[in-house]
Amino acid sequence: MGKDEGFGLGGAQTVLLSLLSERARHAYDIAKEVKRLSEERLPFHYGTLYPTLYRMERDGLIQSEIEQPSGERKRRVYSLTEKGKAEADRAREAWNEYASVMNSIVNRNTQAS
Amino acid sequence: MDIPFSFDLNPAREAEIPVAIRQYVETLDRSLAGEVSNAERELLVEEALFVLESSVAEGTLLGKTVEEAIRDALQEYGPVLAVADAHVEGFYEADPRSPIIQLLGRANALAFGLFGCATLAYYILLQVRIYLPVGVPINLPFSPAEVRSVFPEPLPYPDLTPSFFALLGYPLIVPFVLGWVVGRRIPVHAPAAVFRSMGPIALCSFLMGSLLLPNTEGLLFAIWQVIFWIPVGYLTACLSSYLARQRRAKTQKGTAATAPSRTQ
């Protein structure tokens, strides 16, 4: 994937829902985890991350609280709301369905041979 | 370049923030001034410092030089103005007051409301002009002969009624005024809000214009909106928005000069 390519806002939301369904995370943790899990193939700029987080918070999918561990800087920690947890389940199912359909179409020749 | 740096994240040691990161967060701080509350601004700057310092610490652990780690951390965090815009837009769009505003977005709703009302007002004016029975024309304090002495034929001068001037002047002035207001009121992507809102409005104007046929003023107005209101509204919003940003940055610089900076 090219340096400037990312993924659409819908994809970003699915990724965030998935990561936050594990535990509450701050922005740096989210970006680091995306880099690690995608083996740095998904560039995730904070300029993309923050609008998605704000939109999800506005839609009631996530909530945030300020955290400041002793001797460290303040940061906002995001966690899923009940609505967000339901949306995470729905997004996971939708994604699995989509991936399964696409896989059966795109890889049909590979599977046949 | 000798950059004093410590991986200690203790806020008390802010003098040790690398120069490039200090400049970045100061620019971020200035870009947020006047758009988000001071407490939120402080938190956003703190969080940017946390992310950048953590990225640099991680980069150096992976074997990068401090300079490389700083450069990569800043690149990964993104262009400072884009990050500032993301924050400002996030706060501006927060807490929508109605489901419609939530659906459209606050910026789009404001631009749509202003330009939509202006369009509606013009159509009312047009209806009055076309359909109101007027026995005696309302004349301006100039006779046609006096006007013709200044603007001789063949310059068009169909009549001297106030409604004619209103119909002619209103569509000329409105995009400048509303573009300016939108640029002032919407902190981020104001021109885009003008563009997005004017699409459906122009479409409605074409429909309204079609209903007014055989009078062609409505259709002419719709065409005028596409060729004049959209570009002029867009460009005026660009200018207004740019000047508003410059003013906020100057105000912030003035404030910073009289008070000790948070990052110093």
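Scroll up for the structure.
Analysis parameters
- Residues numbered from 1 in each chain as written.
- Chains lettered and ligands numbered in written order.
- Predicted model: local features only at pLDDT ≥ 70, side-chain atom pairs only at ≥ 80, totals over all residues.
- Heavy atoms only, no water.
- Helix = DSSP H or I, 4+ residues; strand = E, 2+ residues; numbered from the N terminus.
- Buried < 20%, exposed > 50% of the residue type's maximum accessible area, 1.4 Å probe, protein only.
- Contact = heavy atoms within 4.5 Å.
- Buried area = accessible area lost by both parts, 1.4 Å probe.
- Salt bridge = Lys/Arg side-chain N within 4 Å of Asp/Glu carboxyl O.
- Polar contact = N/O pair within 3.5 Å; in protein donor to acceptor, adjacent residues only side chain to side chain.
- Nonpolar A, V, L, I, M, F, W, Y, C, P; charged D, E, K, R; others polar.
- Phe/Tyr/Trp six-rings, centres within 6.5 Å; stacked < 30°, edge-to-face > 60°.

(A) Main features of the overall build of chain B. From N to C terminus, chain B includes ten helices and zero strands. In chain B, the succession of α and β elements from N to C terminus is α-α-α-α-α-α-α-α-α-α. Split into buried and exposed, the 264 residues of chain B put 40% on the buried side. Once local pairs closer than 6 in sequence are excluded, the contacts in chain B between residues at least 24 apart make up 72%.

(B) Here's a closer look at the interface of chain A and chain B. On the chain B side, the residues contacting the 22 residues of chain A number 32 residues. Note on chain A versus chain B: buried area summed over both sides is about 2,400 Å², and carbon and sulfur give 56% of it. In terms of surface lost to chain B, no three residues of chain A exceed Y28(A), R58(A) and R73(A), which account for 33% of the buried area on that side. Put simply, chain A and chain B have four salt bridges between them. A salt bridge links E76(B) to K35(A); the shortest N-O distance between them is 3.2 Å. Remark: the boundary between chain A and chain B carries eleven residue pairs in polar contact (both at pLDDT 80 or more). Among the elements of the structure, α2 (27-37), α3 (46-58) and β3 (75-80) of chain A are those that each provide at least two residues to the side of chain A that touches chain B. Looking at the side of chain A that touches chain B, the element that brings in the most residues is α3(A), giving six residues. Within the side of chain A that touches chain B, the residues separate by chemical class into eight nonpolar, five polar and nine charged.

(C) Expanded view of the packing of aromatic side chains. On inspection of all chains with the given rule, the structure shows 15 aromatic pairs over all chains. Where Y46(A) meets Y50(A), the ring centres are 6.1 Å apart and the plane angle is 40 degrees; that geometry is what we call tilted. Within this pair, Y46(A) and its partner Y50(A) are both found in helix α3, separated by four residues, close to a single helical turn. Each of the two residues, Y46(A) as well as Y50(A), counts as buried. Centroid distance Y24(B) to Y77(B): 5.8 Å. Interplanar angle 75 degrees. Geometry classified as edge-to-face.

Honestly, it's all geometry; don't read function into it.
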